[in-house]
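Each chain is listed here by its residues.
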Amino acid sequence: MLFKDKVWLSSPTMHGEELKYVTEAYKTNWMSTVGKNINEVERLACEKIGCKYAVALSAGTAALHLSSKLAGEALYGMSKTAHGALEGRKVFCSDMTFDATVNPIAYENGEAVFIDTEYDTWNMDPAALEKAFEIYPEVRLVVVAHLYGTPGKIDEIRDICKKHSALIVEDAAESFGATYKGKQTGSFGDYSIISFNGNKIITGSSGGMFLTDSKEDAEKERKWSTQSREAASWYEHEEIGYNYRMSNVIAGVVRGQMPYLEEHIAQKKAIYMRYKEGLKGLPVQMNPYNAKDSEPNFWLSCLLIDKSAMCKQVRGETEALYVHESGKTCPTEILEALAKENAEGRPIWKPMHLQPIYRMNAFITADGNGRAKTNAYIEGSSMDNGADIFARGLCLPSDNKMAPDVQDQIIEIIRGCFK
Ligand SMILES: *Cc1c(COP(=O)(O)O)cnc(C)c1O
């Protein structure tokens, strides 16, 4: 085992100020879901992202859930049942993403329709979205994520949504601090969210934030997230409520992290550039971005192996098999080689249309075909873009505390897989 200390994919990086604000909460006894830390992180998030209102919540997932509820009620009126804001409605969603992006559609009894991925930024393909509107012109909601901290094709997607009078939920959970045409991600949706989960670019150990310019929406989320109390001295309830508010202790951690966002981004960018340089000459590319339009936060560095350099690889529901060939490799082989030396990589997010839980949901590709023909990487096999990137891609150790010499050894392990 090469590394005595595990090399993480992305672990929390603390600076000391977190403890100061957590201790302050403790000493002043604001050990609840009210307090100065919460007010401050909401103010700081608005300031950074350039939106008018922010509501601090227990998780990014909670923010996505309340966003889908807000969108559902704005589009289709007050829901008659507790979780029916999107009852029977189709919603277009990013396909290659974490399932937390799309599950909230199911929480409100909506039906996610998955939109294939493009190769330029690994995000929702505007051409596939356009196709989806041709097939389902009645759809009015689109949930779009910025994968691994790289902004998607925002202008194209916004234009298409505008044309079809559709609202956007923007999942910027992974991309806090990334910009598109000079504007922060988290400012492009009708409803936007970020996450402070433990492995994100900055963290509260957990936590999330809803972002908006609408005072009314912010007030609704605040109310729903604190059990939907009415303005009475007793507990009066006209609407279903949730216990989704951020704790003032967690907010202390986030508050201490906020000043370090740009520093973390610079470290992550250096890691990305070091990989790019170190892997030169191999038949691979890094997760791409459009440098003309966007500046990612470089949360995770990823690899895509050229088709011509892929050995045979087959994945079942829980296991993978591959056959090593000289000069070729596959994500499974590289991940095994890294794990053997105590370094943590990860497969690309498995696309939602390949997930057993969503097997009955529609999936739309740019050519309108949908559905992968196969989940195995065998030369000449036909795949949609998402299944292809999943088959050939992987996330590399991207921890901002990884020393340059450790990263160089990681690069050597990867090179070894191509021998
Ligand atoms: C982490 C993540 C979420 C969920 O955020 P939590 O704070 O963990 O609930 C949602 N979407 C994406 C793309 C994520 O990476």
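No experiment lies behind these values; they were computed from the predicted model shown. All residue numbers refer to positions counted from 1 along the written sequence of the respective chain. Totals for whole chains, interfaces and linings use all residues, but because this is a predicted model, local features are given only for residues with pLDDT of at least 70 and pairs of side-chain atoms are given and counted only at 80 or more. Excluding hydrogens and water, the side-chain figures rest on all heavy atoms present in the structure.

Undergrad: Hey, could you go over the site of the ligand for me, with residue numbers and the actual values?
TA: Proximity is defined per residue: if any heavy atom of the residue lies within 4 Å of a molecule or strand, that residue is considered near it. Around the ligand sit 15 residues in total, of which Thr-61, Asp-171, Glu-174, Ser-195 and Lys-200 are the nearest. Under this definition, polar contacts are N or O atom pairs within 3.5 Å; protein pairs additionally need one hydrogen-donor-capable and one acceptor-capable atom, and for neighbouring residues in sequence, both atoms have to be side-chain atoms. In this structure, an oxygen atom belonging to the ligand sits 2.8 Å away from a main-chain N or O atom of Gly-60. At 2.5 Å, a side-chain N or O of Thr-61 approaches an oxygen atom of the ligand. Put simply, DSSP H or I for four residues or longer makes a helix, DSSP E for two residues or longer makes a strand, and each gets a number counted from the N terminus. Here the shell around the ligand takes three residues from helix H3 (residues 60-76), the largest share from any one element.

Undergrad: Any chance you could break down the packing of helix H5 (residues 126-135) against helix H6 (residues 154-163) for me, citing the residues and the numbers?
TA: A pair of packed helices is characterised by two quantities: the angle between their axes and the separation of those axes. With axes taken as lines fitted to C-alpha atoms, and helix axes fitted only over the stretch in contact, angles between N-to-C directions fall between 0 and 180 degrees. At a closest axis distance of 9 Å, the pairing of H5 and H6 adopts a crossing angle of 10°. One finds that H5 runs roughly parallel with respect to H6. Counted together, Pro-126, Leu-129, Glu-130 and Phe-133 of H5 and Glu-156, Ile-157, Ile-160, Cys-161 and Lys-163 of H6 form the full contact between these two elements. Its residues assigned to classes, the contact of H5 with H6 comprises six nonpolar, no polar and three charged. If an angle is under 35 degrees, it is roughly parallel; if it is over 145, roughly antiparallel; if it lies from 65 to 115, roughly perpendicular; otherwise it is oblique. What makes two residues a contact is simply this: any of their non-hydrogen atoms within 4.5 Å. Lys, Arg, Asp and Glu make up the charged group, whereas Ala, Val, Leu, Ile, Met, Phe, Trp, Tyr, Cys and Pro make up the nonpolar group; the residues left over, Gly among them, are polar.

Undergrad: Explain the nonpolar core to me, using residue names and the numbers behind them.
TA: Working definition of a nonpolar core: buried Ala, Val, Leu, Ile, Met, Phe, Trp, Tyr and Cys residues. They are joined through side-chain atoms within 4.5 Å. Three labels apply to residues, based on accessible area from a 1.4 Å probe with only protein chains included: buried if under 20% of the type maximum, exposed if over 50%, partly exposed otherwise in between. One finds Trp-122, Tyr-148, Phe-176, Phe-196, Met-209 and Ile-348 to be the most contacted residues of the largest nonpolar core, which totals 42 residues. Sorting the residues of this core by element identifies helix H2 (36-49), strand S1 (53-57), strand S9 (208-212), helix H8 (248-257), helix H9 (261-278), strand S12 (302-305) and helix H11 (385-392) as the ones contributing at least two each. For every domain, the bounds stem from an assignment made automatically or drawn from a database. Residue-level mapping places this core at the junction of two domains, with at least three residues from each of domain 1 (17-259) and domain 2 (261-417). Filtering out sequence-adjacent residues up to four positions away, Trp-122 remains in contact with Met-96, Thr-117, Leu-147, Tyr-148, Asn-287, Pro-288, Cys-302, Leu-303, Leu-304, Ile-348 and Ile-389.

Undergrad: Let's hear about the sheet that holds strand S11 (residues 294-295): which residues, and what values?
TA: In this analysis, strands are considered paired if DSSP registers two or more bridges between them. The three strands are arranged S7-S6-S11 in an open sheet whose pairing can be described as antiparallel. Only two strands of the sheet have a single neighbouring strand rather than two, namely strand S7 (183-184) and S11. Bridging between strand S6 (residues 179-180) and S11 involves two bridges; their strand directions are antiparallel. Paired with Thr-179 across the two strands is Glu-295, which belongs to S11.

Undergrad: Account for the domain arrangement of the protein, with residues named and values stated.
TA: Interface size is commonly expressed as the accessible surface area that is lost when the partners come together. When cut into domains, the protein gives domain 1 (17-259) and domain 2 (261-417). For domain 1 and domain 2, the distance between their C-alpha centroids amounts to 27 Å. Counting from both sides, the interface comprises 48 residues of domain 1 and, opposite them, 43 residues of domain 2. Salt bridge criterion: a side-chain nitrogen from Lys or Arg within 4 Å of a carboxyl oxygen from Asp or Glu. Counting across the interface, domain 1 meets domain 2 through one salt bridge. Where Glu-262 meets Lys-48, a salt bridge forms, and the shortest distance between an N and an O atom there is 2.5 Å. Where domain 1 packs against domain 2, one counts 23 residue pairs in polar contact (both at pLDDT 80 or more). When residues of the side of domain 1 that touches domain 2 are traced back to their parent elements, those giving at least two are helix H4 (103-107), strand S3 (111-115), H5 and S6. Across the side of domain 1 that touches domain 2, the residue classes break down as 25 nonpolar, eleven polar and twelve charged.

Undergrad: Please provide a residue-by-residue account of the sheet that holds strand S15 (residues 346-347), values included.
TA: Spatially, S10-S12-S18-S15 is the arrangement adopted by the four strands of the open sheet, whose pairing is antiparallel. Lying at the two open borders of the sheet, with one neighbouring strand each, are strand S10 (284-286) and S15. Sheet analysis places S10 next to S12, joined by three bridges and oriented antiparallel. Counted as the bridge partner of Gln-285 is Leu-304 from S12. Against the sheet, H11 contacts S12, S15 and strand S18 (393-395), and its axis sits at roughly 60° relative to S18.

Undergrad: So what's going on with empty space enclosed by the protein? Which residues, and what values?
TA: Any empty space left between the atoms is revealed when a probe the size of a water molecule rolls over them. Buriedness of a pocket was judged along seven lines, with at least five required to meet protein on both sides within 12 Å; pockets are open sets of points on a 1 Å grid over the protein atoms alone, cavities are sets where a 1.4 Å probe fits but cannot get out, and lining residues have an atom within 4 Å of a point. Grid points are joined across faces, edges and corners, and a volume is the space filled by probe spheres set on the points. Inspection of the entire model under this criterion finds three cavities of 30 Å³ or more. When its volume is computed, the largest cavity comes out at roughly 70 Å³. What lines the largest cavity is simply Val-144, His-146, Gly-152, Lys-153, Ile-154, Ile-157, Arg-158, Ile-168, Glu-170, Phe-188 and Gly-189. Only H6 and strand S5 (167-171) provide two or more residues apiece to the lining of the largest cavity. Considered as a void within the structure, the second largest cavity measures approximately 40 Å³ in volume. Split by residue class, the lining of the second largest cavity holds two nonpolar, eight polar and two charged. Split by domain, the residues of the lining of the second largest cavity number at least three in each of domain 1 (17-259) and domain 2 (261-417).

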